Amino acid sequence: MKVAGIEARLDKLLSTAQAETANVDLFALITDREECPICMLPLPIVENKITFKTCCGKSICDGCIYKHWMNETKNGIPNHKQICAFCRQPDPNNDIKAYKKLMKKNNPDAFILMGNRYKQGEGVIQSDTKALEMIIHAAELGKAEAYALIARHYDRGTAVEQDESKCQAFYEISAKKGCVQAHRWVALFHAMNGNTQNSMKHLNVAACAGDQVAMDGLMEAYKAGGIAKEDLTQTLRASQTSKNEMKSKDRDDARTAKDNGLW
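None of the values given here were measured: they were computed from a predicted structure.

**Q** It is not clear to me how the overall build of the chain should be interpreted in this structure. Could you clarify?
**A** In terms of regular secondary structure, the chain is built from twelve helices and two strands. Starting at the N terminus, the α and β elements of the chain follow one another as α-β-β-α-α-α-α-α-α-α-α-α-α-α. Dimensions of the chain, computed from C-alpha atoms along their principal axes, come out at roughly 60 × 50 × 30 Å. Across the 263 residues of the chain, 43% fall into the buried class. At a minimum sequence separation of 6, the contacts of the chain that also span at least 24 residues come to 56%. For the chain, the accessible area works out to roughly 14300 Å², and carbon and sulfur atoms hold 48% of it. Distance between charge centres in the chain, computed from 36 positive and 33 negative side chains, equals 6 Å.

This is the structure we're talking about:
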């Protein structure tokens, strides 16, 4: 697709999304998070604590993956013969083919991962344009994170003309749709542009959702006198509540096993 065609598609996407989220408070706390399909707890915010399974297109938390791995290992099943903890099928031998199969089923995560392959040129011919097309597909399917990834394209001028206004607009759509990381990214965007007040507001939303990076940012702001102690205390409490909702023994066991090189 030519740049002009992509720009037109993005303009339509932005217009539709802005209309859909017109009545959504940009700084409303995030109360609805994607859950692990096995333990039904909110998925961790840190991406390396989640595994996307190409067999079924599900994102599963490390706790459930580790528990399943332990059970399979105890039963004498070697790693290369173990099956998915959710769909009970073996992992596909070819991720690209698996992504394409999931894309035909309109799986937005598969589009994002395929976009990453095009961006890096892994298994496919490198193309920033194709990478962006994949992300646009994911956004059209309702994936909140995809809007933030589009914003980064406008920020860097990758496959589209650099545009600060559209960058901010897509970040804000992503944030309104509940992407925790988008709040952190748009906070950085505002900070770099001198809008400290809005930056702190976005960090607050992310921190209340349990994002530790955002919480650390607020702590630094407090030390510099930019946040009142009462406000920081309130955010700390909300952050801990969110972390407790994501916490489980299986996830703790998985983290310990990783830290000790046992898994």
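From this point, the narrative continues.
**Q** Is there a simple way to explain helix α6 (residues 144–156) in this structure?
**A** Since the α-helix turns once every 3.6 residues, residues separated by three or four places project in the same direction. Listed in full, the buried residues belonging to α6 are Ala-144, Ala-146, Tyr-147, Ala-148, Leu-149, Ile-150, Ala-151, His-153 and Tyr-154. Following α6 by one or two positions, Gly-157 has its phi on the positive side, about 70°.

**Q** When you look at the pairing of strand β2 (residues 58–61) in this model, what are you seeing that I'm missing?
**A** Sheet analysis places strand β1 (residues 50–53) next to β2, joined by four bridges and oriented antiparallel. Bridging across to β2, Ile-50 finds its partner in Cys-61. In this structure, the hairpin formed by β1 and β2 is closed by a connection of four residues, where Gly-57 is found at a positive phi of approximately 75°.

**Q** What is the right way to look at the packing of helix α5 (residues 128–140) against α6 in this model?
**A** Packed helix pairs are specified by the crossing angle of their axes together with the interaxial distance, meaning the distance between the axes. With their axes 8 Å apart at the nearest point, α5 and α6 run at an angle of 150° to one another. Relative to α6, the element α5 lies roughly antiparallel. Read as a crossing pair, α5 and α6 show a hand that is left-handed. Counted together, Asp-128, Leu-132, Ile-135, Ile-136, Ala-138 and Ala-139 of α5 and Ala-146, Tyr-147, Leu-149, Ile-150 and His-153 of α6 form the full contact between these two elements. Looking at the contact of α5 with α6 residue by residue, the classes come out as nine nonpolar, one polar and one charged.

**Q** Before we go on, may I ask you to explain the packing of aromatic side chains in this structure?
**A** The geometry of two aromatic rings is summed up by the distance between their centres and the angle between their planes. By the definition in use, this model includes five aromatic pairs. Geometrically, the ring pair formed by Tyr-147 and Phe-170 is stacked, given 6.3 Å between the ring centres and 25° between the ring planes. Of this pair, Tyr-147 sits in helix α6 while Phe-170 sits in helix α7 (residues 164–176); the two residues are 23 residues apart in sequence, bridging distant segments of the chain. For Tyr-147, a relative accessible area of 3% corresponds to the buried category.

**Q** Got a minute to help me understand the side chain of Ser-248 in this structure?
**A** If you trace the backbone, Ser-248 turns up in the loop between α11 (229–246) and α12 (249–259). On the basis of relative accessibility, which here comes to 17%, the residue Ser-248 falls in the buried class. In terms of polar contacts, Ser-248 uses its side chain to reach the backbone amide nitrogen of Arg-251, at 3.1 Å.

**Q** Which parts of the structure should I look at to understand the pattern of salt bridges?
**A** Think of it this way: side chains of opposite charge can pair up when their charged atoms draw near. Here the structure, examined in full by the defined rule, presents 16 salt bridges. The salt bridge partner of Lys-166 is Asp-11, with a shortest N-O separation of 2.8 Å. Pair noted here: Lys-166 is in helix α7 and Asp-11 is in helix α1 (residues 3–20), with a separation of 155 residues, a long-range link. Relative accessible area serves as the criterion here: at 19%, Lys-166 is assigned to the buried category. In this structure Asp-11 comes out as partly exposed when scored by relative accessible area, which is 35%. Residue Asp-252 is joined to Lys-247 by a salt bridge in which the shortest nitrogen-to-oxygen separation is 3.0 Å. What emerges from the salt-bridge pattern is a single network uniting Glu-7, Asp-11 and Lys-166.

What counts as what
- Residues numbered from 1 in each chain as written.
- Predicted model: local features only at pLDDT ≥ 70, side-chain atom pairs only at ≥ 80, totals over all residues.
- Heavy atoms only, no water.
- Helix = DSSP H or I, 4+ residues; strand = E, 2+ residues; numbered from the N terminus.
- Buried < 20%, exposed > 50% of the residue type's maximum accessible area, 1.4 Å probe, protein only.
- Contact = heavy atoms within 4.5 Å.
- Areas by Shrake-Rupley, 256 points an atom, 1.4 Å probe, with all protein chains shown as cover.
- Lys, Arg positive; Asp, Glu negative; His and termini not counted.
- Charge placed at Lys NZ, Arg CZ, Asp CG, Glu CD.
- Pairing = 2+ DSSP bridges.
- Axes fitted to C-alpha atoms, helices over the stretch in contact; angles between N-to-C directions.
- Parallel < 35°, antiparallel > 145°, perpendicular 65-115°, else oblique.
- Left-handed = near helix turned anticlockwise from the far one by under 90°.
- Nonpolar A, V, L, I, M, F, W, Y, C, P; charged D, E, K, R; others polar.
- Phe/Tyr/Trp six-rings, centres within 6.5 Å; stacked < 30°, edge-to-face > 60°.
- Polar contact = N/O pair within 3.5 Å; in protein donor to acceptor, adjacent residues only side chain to side chain.
- Salt bridge = Lys/Arg side-chain N within 4 Å of Asp/Glu carboxyl O.

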